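Given next are the chains, with one letter for each unit.
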Amino acid sequence: MAEEVKLFRTWSSPYALRIVWALKLKGIEFETIFEDITNKSPLLLQHNPAHAKVPVLLHNGKPVCESLIILEYIDETWTHNPPLLPQDPLEKASSRFWAHFGDHKLMESIWNVFTSQGKEQEEAMATSIENLKLIDEQLKGKKFFNGNAIGYLDLALGWMANLISILEEIISVELIHTDKFPHLSSWIQNFSDDPVIIECWPPRDKMVTKFQIMRDNYLTRSICQVKPA
Ligand SMILES: N[C@@H](CCC(=O)N[C@@H](CS)C(=O)NCC(=O)O)C(=O)O
């Protein structure tokens, strides 16, 4: 029986992009269902009632949610090359650890740079730089996080490769200097050079417009919050 693989995503979600990349790298055929997160479909709500978020992978009618969990599911279900997670338990644990760090500490610190100004932004910059240094160290002497081929952690941190430069462009701040982060800068280049990766990037001009609007909304909201009611 032919397998049915469907992916609920939005055009811009960096979390969903991880799944698009993983499925394409593994050569899995899938159908894409584009969601509008301002008007979520009943099917999305049915398949991800806990969070109502994309991505959701539907495999033969069964949903799998949360992008990092979906990556592991894909790797365990379609075991052919390329493998995404390392086999070695310690390396596997380390990959999961840094993916978690990326989604929580790193993403939050960079988001704080993007959605603030003045002193608050300077403090967020300092925190982001400390976090980026830790990632840079992980890449010392390596083309990708687990060696010579793109794997789980590259996909988990893949958002950095284009989103950071989009945010930098909007706020006219340089976060990733080549001198400060030589390994991370090379990784961004190597990752972005892969045809499967670039083929799936959302259009840059559309992303700039979307994130510019998000920043404007954040700043307006925080100014309103300090105004007397
Ligand atoms: N931890 C989740 C995050 C997913 C997520 O935040 N998705 C956003 C789109 S980028 C979403 O669906 N947001 C809808 C909402 O918050 O209502 C994952 O890794 O899958």
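Here is what the cut-offs are and how they apply
Residues numbered from 1 in each chain as written. Predicted model: local features only at pLDDT ≥ 70, side-chain atom pairs only at ≥ 80, totals over all residues. Heavy atoms only, no water. Salt bridge = Lys/Arg side-chain N within 4 Å of Asp/Glu carboxyl O. Helix = DSSP H or I, 4+ residues; strand = E, 2+ residues; numbered from the N terminus. Buried < 20%, exposed > 50% of the residue type's maximum accessible area, 1.4 Å probe, protein only. UniProt positions renumbered as here; feature names shortened; annotations may be inferred. 1 Å grid on protein atoms, 1.4 Å probe; cavity = no way out; pocket = protein on both sides within 12 Å on 5 of 7 lines; lining within 4 Å. Points joined across faces, edges and corners; volume = space filled by probe spheres on them. Nonpolar A, V, L, I, M, F, W, Y, C, P; charged D, E, K, R; others polar. Domains from an automatic or database assignment. Near = heavy atom within 4 Å. Polar contact = N/O pair within 3.5 Å; in protein donor to acceptor, adjacent residues only side chain to side chain. Areas by Shrake-Rupley, 256 points an atom, 1.4 Å probe, with all protein chains shown as cover. Sits in = over half its atoms within 2 Å of the grid points. Expected span 1.5 Å × (residues − 1). Pairing = 2+ DSSP bridges. Axes fitted to C-alpha atoms, helices over the stretch in contact; angles between N-to-C directions. Contact = heavy atoms within 4.5 Å.

Pairing between side chains becomes possible if they bear opposite charge and their charged atoms approach one another. Within this structure, the stated rule accounts for 8 salt bridges. Between Glu-4 and Lys-6 there is a salt bridge, with the nearest N and O atoms lying 3.8 Å from each other. Close ionic contact of Lys-26 with Asp-75 constitutes a salt bridge, the shortest N to O distance being 2.9 Å. Here the residue Lys-26 occupies a position in helix H1 (residues 14–26), and Asp-75 occupies one in helix H3 (residues 67–77), the gap between them amounting to 49 residues. For the pair Lys-26 and Asp-75, one class covers both residues: buried.

Once that is clear, we can look at the UniProt feature "domain: Glutathione S-transferase C-terminal" (unreviewed entry) in the protein chain. UniProt feature "domain: Glutathione S-transferase C-terminal" (unreviewed entry): in the numbering of this structure it lies at residues 118–194. Strand forms 0% of residues 118–194 and helix 66%; the C-alpha atoms that close the span are 37 Å apart.

This part is about the UniProt feature "domain: GST N-terminal" (unreviewed entry) in the protein chain. The feature "domain: GST N-terminal" (unreviewed entry), as annotated in UniProt, sits at residues 4–76 in this numbering. With 40% helix and 23% strand, the stretch residues 4–76 has end C-alpha atoms that lie 17 Å from each other.

The gaps left among the atoms become clear once a water-sized probe is rolled over them. Of the volumes computed, that of the largest pocket is approximately 1100 Å³. In terms of lining residues, the largest pocket is bounded by 33 residues, among which Ser-13, Pro-14, Tyr-15, Lys-53 and Val-54 are the most central. Mapped onto the lining of the largest pocket, the elements with two or more residues apiece are H1, H3, helix H4 (89–114), helix H7 (159–171) and helix H10 (204–226). Ranked by residues supplied to the lining of the largest pocket, first place goes to H4 with 7 residues. Here the lining of the largest pocket is composed, by residue class, of 17 nonpolar, 8 polar and 8 charged. Counting contributing residues, the lining of the largest pocket receives three or more from each of domain 1 (5–77) and domain 2 (89–215). Of the voids in this model, the second largest pocket is the one considered here, and its volume is about 150 Å³.

Near the ligand, the surroundings consist of Ser-13, Tyr-15, Ile-37, Lys-40, Lys-53, Val-54, Pro-55, Glu-66 and Ser-67. Within the side chain of Lys-40, a nitrogen or oxygen atom sits 2.5 Å from an oxygen atom of the ligand. In this structure, Ser-67 approaches the ligand through a side-chain N or O atom, which is 2.6 Å from an oxygen atom. Burial of the ligand by the protein chains amounts to 75% of its free accessible area of 520 Å². In a pocket analysis with a 2 Å cut-off to the grid points, the ligand is assigned to the largest pocket. Taken together, the residues that form the shell around the ligand break down as 4 nonpolar, 2 polar and 3 charged.

If you check helix H5 (residues 118–138), its first and last C-alpha atoms are 31 Å apart, about what 21 residues at 1.5 Å a residue would give, namely 30 Å. Within H5, the full set of buried residues consists of Gln-121, Ala-124, Met-125, Ser-128, Ile-129, Asn-131, Leu-132, Ile-135 and Asp-136.

Take Gln-189: it is sitting in helix H8 (residues 182–193). Judged by relative accessible area, which is 47%, Gln-189 ranks as partly exposed. Through-space distance from the C-alpha of Gln-189 to that of Lys-143 is 9.8 Å; in sequence the pair is 46 residues apart.

What follows concerns unusual backbone geometry. The residue after Val-54, namely Pro-55, is reached through a cis peptide bond having omega 5 degrees. Residue placement: Pro-55 occurs in the loop between helix H2 (42–47) and strand S3 (56–59). Despite not being glycine, Ala-52 has its phi angle at roughly 55 degrees, a positive value. Structurally, Ala-52 is set in the loop between H2 and S3. With a phi close to 50 degrees, Asn-60 is a non-glycine residue in the positive phi region. Checked against the element boundaries, Asn-60 lands in the loop between S3 and strand S4 (62–65). When its relative accessible area of 36% is taken as the criterion, Asn-60 is described as partly exposed.

To continue, consider the sheet that holds S4. Either a parallel or an antiparallel arrangement is found when strands of a sheet pair, and the pairing is made through backbone hydrogen bonds. In space, the 4 strands of this open sheet follow the order S2-S1-S3-S4, with mixed pairing throughout. Edge positions in the sheet fall to strand S2 (31–34) and S4, since each of these pairs with one other strand and no more. The average angle at which neighbouring strand axes cross in this sheet is 25 degrees, direction not considered. Contacting strand S1 (5–9) and S3, H1 runs over the sheet at an angle of about 155 degrees to S1.

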